[in-house]
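# A structural walkthrough
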Amino acid sequence: MGKRALLYPTLAIFAGAIGWSWVTHGIGVVKDDLPRNIHIPQELTIPLQVKAAYNGRNILFRYRWPARQPSIYHDMLKYEGGKWVRYGASVAGPQPQGIYEDRVTMMVDDGGVPEFARYGGYVTVGDRMRFFTNEAKPDEVKAHPYLGQKRKQTEVGKHLPATRSDPSDWASVVPEDDLANLRKAGYFLDLWHWRAHRSNPIDASDDQYIFELRGSDSGKGPFTDNWDPETKQPRFMLDPQKTGRLALSWDDLIQRKLGFEDIYFISEATAAPFDPAQQWKDGDTIPRRLLRDGEGSRSNIKVAGKARWQDGYWDVTLTRAMDTGSPLDDKAFLESRVYNVAFAVHRNALGSRWHYVSLPLTLGLNRDANMVAARFVGDEPRWDQEWTDVKLFYPGQVSWPHLTSAKHAGSDQIKAGVPVKFRHNEEQLARYGVEMEFASEIRRQWLLTLFAGLLLIAGFGVAVNVALNRSKGV
Amino acid sequence: MAAYHVVLVHFPIAIWMTATLAILVRALSNGTLAQAIERALVPLLSIGLLMGIAAYAVGLMVWPWEALSATPLGRNHMLMASWTTAYWALMLAILWMQGERVWQGAGRWVMAGLAILGSALLGITGTLGGNLIGVHTEVTQLLRLMGWEVYTTFYVPNLTLVVLVLASFLLFAIGVWGRRRLPVR
């Protein structure tokens, strides 16, 4: 046997190693890790359709998005072993019992937050946000003189960069006088926040804002807690005179038997003071949120008609006065003006940061824009204009401090004001978002892959060099 | 540094593509022209390697390491650039050490195949560089169809790393054993 006989096994080993690498690349790192607040949704992008219409007094937004089933249950108290146990709080990843509501949210700006037009919701994702792997601990937040002690926050939520003296430090809130001036100058985002359980059953929506935190407009919201921490019991139960029962059945919830026309929530209209003397039995379940009529600025947004899930899609229409008269809480919609909006959807019993978000879009009222609101006469729009198709994506753990730091190759472009859409699309951003959640693991694996490849090339070089050796003239 | 990198990469790209063409010509022909082209290969690949190393070094200075190593496209570009440069260094070594012997028998077809593989590596590296500055080609879509989404980092699991290391040592062993034990024919 001569050296040339080595050629074929050499080529086979080299080709086999390359082929095996190609087939197996990209696996072994990205996986759920709930203790680190990591859950990767199966679908990284979903579609959303939106329409807007206005009549000079009110503006309406209609949203339509796919969901395999409606998630309309949320935050329940189940009686078990003589105690009321909570199910459906915010958790990392999907709520295990499937008890977490669907949501659609919309951020609105009128130009008061210039970065929002270019980077959308990314500007609201600050340092050590809730449910990030490095989230600030509740004790740290509670101890903060403004956020914790004055605003009663226990976690770091969405906020805008200029509300911090150092945007990469969640705790560096600027002095309250500066906050007040920023707010008066319109440096905040209006946040429309519809929830399938905590507002929809009473045809309402929450009305919030994003500024130094994600807060609620003044007034009363559409829900409040139905829990007495002292007695460790609900404050209210279902009124048997009105609903024919004292509580829901846990089995009905788990089997998703309760639909839109059933009693699956508790409201001021269906509640009675909790009676501990009742013969409560295991499986009795009372919603932990009491729905109520809102008041003031926080109750400005209503559901138009009925928001329902049907044939695999949610169809939700929200309406609000174009000018609510609350300039510190809401962005007023004016004829012939262009606004910046961004949307988000929660579905599949996922809460907190596990949402799908959009890049910013422009909304025009009698102006050219990505989405043009239709002017109508009367009380109800015809909705005969085309849908605006929006691609939503899972954003992962990408924060504004990261994007503006030297760790982001595009930070110089952000400084130069280049919009995110110029360099990235939704699919890319979703994939980058996922990789950010495993940044150190992927970097390590990538470096090992790089060096293993170099080793393979070197080994191949040694072997093929010998195998190609042949006497001259043969 | 980005502008210098863009200028510099033209040289190894042009040289290695020219080398591929030269190797294919030589594989297909024993004619005078082909043999003349063959004699130009070692100097051509030497210059190509020097320019490739220069482009690689300048490329490392386009972004800070913390940004380059945190960006999927940056990682992929660097990975492919490393492999491409090493691979063409290997081609240079083979041609330098074996000379005209590589064109004998099946060797010429092996060299043709290796050159095509080197061009593919070069093409992917260039495509990724284009993606980095926002210039996209159909090669991106082709790679996607072949199973690699270039906006995700190319890495292999630990088991594959073990396979790669074992394959590498096996190849080293084949080389060493063949040189010591087997006759040249």
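As shown above, the structure is provided for reference.
On a predicted model such as this, the values are computed, not experimentally measured, just so you know.

### Some words on the side chain of Ser71(A)
Take Ser71(A): it is sitting in the loop between β2 (58–66) and β3 (76–80). Contact partners of Ser71(A), with chain neighbours within four places excluded, come to Tyr100(A), Glu101(A), Asp102(A), Ala196(A), Arg256(A), Asn348(A) and Ala349(A).

### Observations concerning the pairing of strand β4 (residues 83–87) of chain A
All names here are of chain A. Relative to β4, β3 runs antiparallel, the two sharing five bridges. Looking at β4, one finds that methionine 76 is bridged to tyrosine 87. The turn joining β3 and β4, which pair antiparallel and follow one another in sequence, is formed by two residues; a positive phi near 60 degrees is taken by glycine 81.

### Things to note about the interface of chain A and chain B
Contacts between the two partners involve 63 residues from chain A, matched on the other side by 71 residues from chain B. Between chain A and chain B lies a buried interface of about 6,300 Å² when both sides are counted; carbon and sulfur atoms form 68% of it. At the surface where chain A touches chain B, the tally comes to two salt bridges. One can count 18 residue pairs in polar contact (both at pLDDT 80 or more) joining chain A with chain B. Secondary structure elements with two or more residues in the side of chain A that touches chain B: α1 (7–24), α10 (426–437) and α11 (439–467) of chain A. Ranked by residues supplied to the side of chain A that touches chain B, first place goes to α11(A) with 25 residues. The residue inventory of the side of chain A that touches chain B, partitioned by class, reads 36 nonpolar, 17 polar and ten charged.

### Examining the sheet that holds strand β15 (residues 289–291) of chain A
By definition, the strands of a sheet pair up through backbone hydrogen bonds, in either a parallel or an antiparallel sense. Residue and element names in this part refer to chain A. As summarised here, the arrangement of the three strands in space is β9-β15-β12, forming an open sheet in which the pairing is mixed. Strands at the two margins of the open sheet, each flanked by one partner only, are β9 (223–225) and β12 (266–267). With three bridges joining them, β9 and β15 adopt antiparallel strand pairing. When the bridges of β15 are listed, aspartate 225 appears paired with arginine 289.

Definitions and cut-offs
- Residues numbered from 1 in each chain as written.
- Chains lettered and ligands numbered in written order.
- Predicted model: local features only at pLDDT ≥ 70, side-chain atom pairs only at ≥ 80, totals over all residues.
- Heavy atoms only, no water.
- Helix = DSSP H or I, 4+ residues; strand = E, 2+ residues; numbered from the N terminus.
- Contact = heavy atoms within 4.5 Å.
- Pairing = 2+ DSSP bridges.
- Buried area = accessible area lost by both parts, 1.4 Å probe.
- Salt bridge = Lys/Arg side-chain N within 4 Å of Asp/Glu carboxyl O.
- Polar contact = N/O pair within 3.5 Å; in protein donor to acceptor, adjacent residues only side chain to side chain.
- Nonpolar A, V, L, I, M, F, W, Y, C, P; charged D, E, K, R; others polar.

Keep in mind these values describe shape, not function.
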